[in-house]
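# Results of the structural survey
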Amino acid sequence: MATDRGSVAHFERAILPHLDAAYNLARWLTRNDQDAQDVVQEAYLRALQFFDSFSGGSGRGWLLTIVRNTCYTWLRKNRMQSAAEPFDEEIHSGGAASGNPETAAIENADRRVLLAALGELPVEFREVLVLRELEGLSYQEIAAVAGIPQGTVMSRLARARRRLEQQLANELKKEPQGGL
């Protein structure tokens with residue numbers, strides 16, 4: 001266990017900078033802010049406990065693998081509860097960059113539709129999309145984090161993007177047409 005002063009300092013330098021990425025992945029997988037915080041805390045404790053096995057390289061990838069595994073353990077234990085909880089897109093929506101209130105309202109509506117559609121994807125699709133599009137991981141890094149072949153990453157990404165596109169197109173068809 002990484003408990004001596006040097007190990008803890010090395011852990012802090014190598015792993016703590018990736019807290020936002022860990023939370024982001026946990027948030028999208030658990031679909032709940034409090035659960036994501038709990039999962040990340042548990043993942044960081046596991047990472048600290050097993051830091052001696054970290055061989056260097058990508059601390060981010062190593063940590064995200066632990067977060068992913070912790071999330072899936074949590075989901076198996078809590079699947080019935082988490083399936084019924086709605087995705088709260090307000091947690092991740094930031095303020096609009098535009099000073100124009102009308103533009104800000106449109107951007108917020110677009111963001112809500114996109115986040116809701118992403119939240120509706122099956123977890124294995126949501127996972128690869130979050131790691132690729134939001135966290136910027138390469139296919140190889142995603143394969144390592146998810147423990148799947150790189151070809152599977154590519155096919156899941158393609159399917160996830162198609163499903164997301166279909167969901168967004170269906171949502172656009174639902175919107176009332178008309179003008180002022």
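Now for a quick tour of the structure. (Residues numbered from 1 in each chain as written. Predicted model: local features only at pLDDT ≥ 70, side-chain atom pairs only at ≥ 80, totals over all residues. Heavy atoms only, no water.)

## What about helix α3 (residues 33-49)?
Along its 17 residues, α3 runs 24 Å from first to last C-alpha, staying within 8% of the 24 Å computed at 1.5 Å per residue. Listing the buried residues of α3 in full gives Asp-35, Ala-36, Val-39, Val-40, Ala-43, Tyr-44 and Ala-47. Down the axis of α3, the buried side of the element spans an arc of 170°, and every buried residue falls inside it. Of the residues that open α3, the one with a side-chain oxygen 2.9 Å from the backbone nitrogen of Gln-34 is Asn-32. (Helix = DSSP H or I, 4+ residues; strand = E, 2+ residues; numbered from the N terminus. Expected span 1.5 Å × (residues − 1). Buried < 20%, exposed > 50% of the residue type's maximum accessible area, 1.4 Å probe, protein only. Arc of directions from axis to C-beta. Polar contact = N/O pair within 3.5 Å; in protein donor to acceptor, adjacent residues only side chain to side chain.)

## Topic: the pattern of salt bridges
In total, this model carries four salt bridges according to the counting rule given. Arg-161 is the salt-bridge partner of Glu-133, the closest N and O atoms lying 2.3 Å from each other. Of this pair, Glu-133 sits in helix α6 (residues 123-134) while Arg-161 sits in helix α8 (residues 150-174); the two residues are 28 residues apart in sequence, bridging distant segments of the chain. (Salt bridge = Lys/Arg side-chain N within 4 Å of Asp/Glu carboxyl O.)

## Regarding the layout of surface pockets
The gaps of empty space that remain are located by a probe, the size of a water molecule, rolled over the atoms. In this structure, the second largest pocket spans a volume of roughly 150 Å³. What lines the second largest pocket is simply Leu-114, Leu-115, Leu-118, Leu-129, Val-130, Glu-133, Leu-134 and Leu-164. Of all the elements in the fold, those that place two or more residues in the lining of the second largest pocket are α5 (101-120) and α6. The element that contributes the greatest number of residues to the lining of the second largest pocket is α6, accounting for four residues. (1 Å grid on protein atoms, 1.4 Å probe; cavity = no way out; pocket = protein on both sides within 12 Å on 5 of 7 lines; lining within 4 Å. Points joined across faces, edges and corners; volume = space filled by probe spheres on them.)

## Topic: the nonpolar core
Residues Ile-15 and Val-67 are the most contacted members of the largest nonpolar core, which totals 47 residues. Every element with two or more residues in this core is listed here: α1 (5-14), α2 (19-30), α3, α4 (59-84), α5, α6, α7 (139-146) and α8. It is α4 that contributes the most residues to this core, nine residues altogether. Split by domain, this core shows at least three residues from each of two domains, domain 1 (5-77) and domain 2 (91-174). (Core = buried A, V, L, I, M, F, W, Y, C linked by side-chain atoms within 4.5 Å. Domains from an automatic or database assignment.)

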